[in-house]
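The residues making up each chain are set out below.
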Amino acid sequence: MGRKENLQEFIKQQKAKSKNPDKIKIGTIDTFNVGGLESTVPTLHMTLDDLIGGFQRGIIMELYGEESAAKSTTVGKLIENLAAFRPDDEEQLSVLYVDAEGTFGTKFIKRFKNLKKDDMIIYKEHIIEDLWENVEAMIDAQALDILVIDSIGALQTNQESEKTMDESTVAALPKKLNTMIKKFYKATEESKLTVIVMNSEYTNIQTFGSYGPKNVLKGGQSLKYGKSVSLELKKSYSKTNA
C-alpha cells in the first residue's frame, strides 16, 4: 500500500479502538463536515466577497478600525443582505445583535431599508457577566446562527462599573473576555455558530515614547488566536478645492 492508503488504514483503526468514534479528532474533510462553497453565502458587499469569498459559517470574524469607520454599518448591511437574499427554502438565520455601545436606534436602523423587524434580535447590555450568562445559555441551547458583539471596547465588568476613582481593576476585563472567546471558539466548531466581533484601536500608553506597537486591540490573547478572519476598516478622506 502507498502512504495515503496507510494513513487511511491508520485512521480506520483509531476509530475502531475509540469508545466514541464520533468524537475522533482525525479524519478526512468529510469527517469534520468541512464545507466549501456551500458553507459560504455571498454578502453582496463586493469588497468582502472579494477578500473572504463571502460570509462564512462557523468562524470568529473580527472587524476593527478607528472610530466612525462604519463597522456597525458594515455588519448591519451584511445581516440585511443575508436576510433579504436567502433562498425561499432556507430557514431564516437566528441573529443576536449585542448593542454594548447603546447606539442601535431608529436613526441607525433607517440605513437598512430591506431589514425587517424579525431579521435579528437586539440585546442591549454592556456588563460582561450579565451578557455572558444569557449568551452562554443561548449557545448551549443551539439557538443562535450569528452572534454580533458591538463592541468589545464597550464591555465592562461588574467590578469596573462599580469601582471608585481609587480602586484598581487591572486585567479584570481581559480575563472575562478570554473565557468568553474560548467558549465561542468551541461553539463555532460544534454548532457552526458565527461570531462577529467589532473592535477599535486604542493607543498603547505602555509603549508611548518607546519601542512597540503604537495601537492595540482589546480582546486578549484568545481573540487574537481564535479568530479566523480579521478585517480592518478605515475612513476615507476626500479633498475639495476651495
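Figured I'd write up the structure that's included with this text.

**A closer look at unusual backbone geometry**
Residue S151 is reached from D150 by a cis peptide bond, and omega for that bond is 0°. The topology assignment puts S151 in the loop between strand 6 (146–150) and helix 6 (158–162). Its identity is not glycine, yet Q142 carries a phi of approximately 50°, on the positive side. Locating Q142 in the fold gives a position in the loop between helix 5 (128–140) and strand 6.

**Things to note about the environment of L144**
Secondary-structure assignment places L144 in the loop between helix 5 and strand 6. Distance from L144 to K192, taken between C-alpha atoms, is 9.2 Å for residues 48 residues apart in sequence. Non-local contacts of L144, meaning those with residues more than four positions away in its chain, are made with S94, L96, M138, I139 and L193.

**Observations regarding a nonpolar patch on the surface**
On the surface, L7, F10 and I26 cluster together into a nonpolar patch covering about 250 Å² of accessible area. Tracing the chain through its elements places I26 in the loop between helix 1 (3–17) and strand 1 (40–41).

**So, helix 3 (residues 71–84)**
For helix 3, which comprises 14 residues, the first-to-last C-alpha distance of 20 Å matches the rise-based estimate of 20 Å (1.5 Å per residue) to within 8%. Taking burial as the measure, the 14 residues of helix 3 include 11 buried ones, the bulk of the element. For helix 3, the full list of buried residues reads K71, S72, T74, V75, G76, L78, I79, E80, N81, L82 and A83.

**What about the environment of D130?**
Counting through the fold element by element, D130 comes out in helix 5. For D130, a relative accessible area of 32% puts it in the partly exposed group. Along the sequence, D130 and N158 sit 28 residues apart, while their C-alpha atoms lie 8.7 Å from each other. D130 has contacts with Y123 and E125, leaving out every residue within four places of it along the chain.

**Side note on the packing of aromatic side chains**
What the rule picks out here adds up to 4 aromatic pairs. Considering the side-chain rings of W132 and F184, the 5.8 Å spacing of their centres and the 70° angle between planes classify their relative orientation as edge-to-face. Separated by 52 residues along the polypeptide, W132 in helix 5 and F184 in helix 7 (residues 172–190) bring together distant segments of the chain. Within the aromatic cluster, the residues linked to one another by ring pairs are Y97, F104, F108 and F112.

**Digging into the packing of helix 5 against helix 7**
Contact geometry for helix 5 and helix 7: axes closest at 11 Å, N-to-C directions at 10°. Between helix 5 and helix 7, the angle falls in the class roughly parallel. The residues of helix 7 that touch helix 5, namely those facing I128, E129, W132, V135, E136, I139 and D140, are L173, K176, L177, M180, K183, F184 and A187. The residue makeup of the contact of helix 5 with helix 7, split by class, is 9 nonpolar, no polar and 5 charged.

**Description of the side chain of T157**
By the secondary structure assignment, T157 is in the loop between strand 6 and helix 6. Once residues lying within four places of it in the same chain are set aside, the contact partners of T157 are I127, I128, E129, A172, L173 and K176.

**Considering the nonpolar core**
Counting 26 residues, the largest nonpolar core has L63, V75, I79, Y97, I146, V148 and I196 as the members making the most contacts within it. Ranked by the residues each element gives to this core, the list is headed by helix 3, at 4 residues. In this structure, L63 is in contact with K71, T74, V75, I196, V197, M198, N199, L231 and L233, ignoring residues within four places of it in sequence. L131, I139, I152 and L193 belong to the second-largest nonpolar core, a separate cluster that totals 25 residues.

**With respect to the side chain of N199**
Residue placement: N199 occurs in strand 7 (residues 194–203). Residue classification places N199 among the buried positions, given a relative accessible area of 0%. Here the side chain of N199 touches E62 through a polar contact of 3.0 Å, side chain to side chain.

Calculation criteria
Residues numbered from 1 in each chain as written. Predicted model: local features only at pLDDT ≥ 70, side-chain atom pairs only at ≥ 80, totals over all residues. Heavy atoms only, no water. Helix = DSSP H or I, 4+ residues; strand = E, 2+ residues; numbered from the N terminus. Contact = heavy atoms within 4.5 Å. Patch = residues over 30% accessible without salt bridge, like charges linked within 9 Å, V, L, I, M, F, W, Y side chains within 5 Å. Areas by Shrake-Rupley, 256 points an atom, 1.4 Å probe, with all protein chains shown as cover. Salt bridge = Lys/Arg side-chain N within 4 Å of Asp/Glu carboxyl O. Expected span 1.5 Å × (residues − 1). Buried < 20%, exposed > 50% of the residue type's maximum accessible area, 1.4 Å probe, protein only. Phe/Tyr/Trp six-rings, centres within 6.5 Å; stacked < 30°, edge-to-face > 60°. Axes fitted to C-alpha atoms, helices over the stretch in contact; angles between N-to-C directions. Parallel < 35°, antiparallel > 145°, perpendicular 65-115°, else oblique. Nonpolar A, V, L, I, M, F, W, Y, C, P; charged D, E, K, R; others polar. Core = buried A, V, L, I, M, F, W, Y, C linked by side-chain atoms within 4.5 Å. Polar contact = N/O pair within 3.5 Å; in protein donor to acceptor, adjacent residues only side chain to side chain.

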